[in-house]
Amino acid sequence: MASGSDVIDRPAAPARTPDPAPARRWLVPLLLVVGWVLSVAWRMWLSRHIVLPIAHTDEDSYLNTARALAGGPGGFSSENDLLRRVGYPMLISPAFLGDRDFSDSYRIVQLINAMVNSTLLPLAYLLGRRLLGLRRSYALLGAVAAATLPATAFYAGIAMIDTVMAPLVVAWLLAVHRWISRPGPLAAATVGLLVGGFHLLHSRGLVIVAVHAGLVLLLLVRRRIGPPAVLAALLPVLAMALVNAAAIRYLGDRVYLLGSTPGGGTVEAVASVQGVVRVGAGVATQLWYLVVITFGMAGVAWAAAVRELWRPRHGDAARWTMGVALVVTVGVAGGASVILAGITGKPLDAIYGRYVQMLAPFWLLVGLGVLLTAGRRVVLRRAAVAVALLVGGGALIAVRLAYVASQGHRLRYGGFSAPDLAALTGGWREMRPVLGSLVGIGGCLLLVAAALVPRLRLPMFGVLVVANLVAMQVIEHRVVRPAVASTAPTPRVADVGVRPGERVWASTGVHYALRFNLSHQVTWTDVRWFGEQPPAAAQVVFARWAPGQPDDWDGAAYGFVRLGGNPAQHWAAWRRA
């Protein structure tokens, strides 16, 4: 890239080096396979304490849908008709085939997650080699740094769609680069299939579909592709949309939706100066967050990518790929901010970083590519841009938080949206933007200093990987384990005497996280909810057990006998006498 195209200009040399000796050609593939296996094992080890969902209600929705797709009973989903997607439930549905305990199925889901999430390692290596032109050792170590990034690795342990998104982003941008380099129907179809995968997985894929449509149109107008390539690029997207519709039709009413379809509330939320400012603040916060968690590398990469757009010094493939990545980054941040602003029943968040996290590994790698391939002056200029983004972003966020506090309100983290930021800043109860900026600036300056001294480059990767590993350990102790302790009902449903085949209902008086996790253990039926009086069809119910409190549920008044439960967690199982 321009000055930063040095990300791609200087790498020409490695590409021309002779092939390694035949005896060593197997070394890189072997290292990637071993690395993938170790990556899967590490992710499974991190998830060893999670035996029931902790991220409600998203996990519950995906798991209920996956069970229904596998032929089992359904359940609720927090999605709505407009944004409903079944791609991730389809991926994990094999875990619910056969007759097994929920805990066993959940462990299989985690294994599927770990295997898919770990494909980021070989994909990141290919990105380093093909797009950034890095030498093999740098590409390998950069891939390890990207694959251990908490923004990606964290989600492998829970049934969340985010576990798939980061590898898919890298695969898609690699395919875009290949398509621009060597246009052809197969390359076009590959890009279209990956874009269709985004659409099948999550509503944020709509942004990528729109960008893809724009890319196809531009390529057609510039006569870089013809009508056959247009069809090859667009038909797979349509096919994935039809797959999604067919799966929803197959599910029928076995999965019932609890989400509200975005409507006038979304328009009203942004149809004012205050609304526009709120959305702008959300976008700026998400972009600042990406720069912090990549230790400034996202800022370095953006500066290089923008320079390449205006003054390209390399082939169009890099220019178009970087342009697509920039538009998607801003588009996803903007789309998320608009949608979240329209959810009036949801408290405002200081940050909700889940939607942009999928882009963190890509920008980390591009930023590292700039450091490793550009000249000293270019590196310092790009790093100055990253530092400016961190300083300006941190200051703006601090002002926003202070203003909201002066109005008597407090902005919180979005649920499970930025555990890495909390780990880096120690801000478990409140967001610390100034400290976040300092962490990002410090990390950026250290990486720049190491990159400018060739003998420190390999240790630089080691420090990055260690920082990621330590951050994940901190997240496990401060986020995962407390969440497990607060959402796992004890004793188990089977241990209190609930038998397979019984018709089970749950009271809304039981805390929702415990109610959902109690219901998951009932694998033979969909557990519906009731208020005070259980329906006549209920044989077993889960209800609130709070001795001495006015909302303690008395099952005897309705002809039930208490089987057991946990008064400290305020739940009990009752069977009709």
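Calculation rules
Residues numbered from 1 in each chain as written. Predicted model: local features only at pLDDT ≥ 70, side-chain atom pairs only at ≥ 80, totals over all residues. Heavy atoms only, no water. Helix = DSSP H or I, 4+ residues; strand = E, 2+ residues; numbered from the N terminus. Contact = heavy atoms within 4.5 Å. Phe/Tyr/Trp six-rings, centres within 6.5 Å; stacked < 30°, edge-to-face > 60°. Buried < 20%, exposed > 50% of the residue type's maximum accessible area, 1.4 Å probe, protein only. Lys NZ or Arg CZ within 6 Å of the ring centre and 35° of its normal.

Caption draft 1: Layout of the environment of leucine 458. Looking at the element boundaries, leucine 458 is found in helix 22 (residues 457-487). Residues leucine 458 and tyrosine 138, 320 residues apart in the sequence, show an inter-C-alpha distance of 7.5 Å. Every residue in contact with leucine 458, bar those within four places of it in the chain, is listed here: Ser137, Tyr138 and Leu141.

Caption draft 2: Looking closely at the packing of aromatic side chains. Using the criterion set out here, one finds 18 aromatic pairs in the structure. Relative to tyrosine 88, the ring of tyrosine 62 has its centre 5.4 Å away and its plane inclined at 80 degrees; by these criteria the two rings are edge-to-face. Here tyrosine 88 lies in helix 5 (residues 87-92) and tyrosine 62 lies in helix 4 (residues 58-69), a separation of 26 residues in the sequence. For the pair formed by tyrosine 62 and tyrosine 88, the shared burial category is buried. A ring pair is formed by phenylalanine 530 and tryptophan 553, whose centres lie 6.2 Å apart and whose planes are at 65 degrees; its orientation type is edge-to-face. In this pair, phenylalanine 530 is assigned in strand 6 (residues 528-530) and tryptophan 553 in the loop between strand 7 (540-543) and strand 8 (560-566), connecting sequence segments 23 residues apart. Tryptophan 553 shares its class with phenylalanine 530; the two are buried. Within the aromatic cluster, the residues linked to one another by ring pairs are Phe530, Trp553, Tyr558, Phe560 and Trp574. Just above the ring of tyrosine 138 sits the side chain of arginine 135; from NZ or CZ to the centre is 4.6 Å. Just above the ring of tryptophan 529 sits the side chain of arginine 515; from NZ or CZ to the centre is 4.8 Å.

These figures come from the coordinates and say nothing about function on their own.
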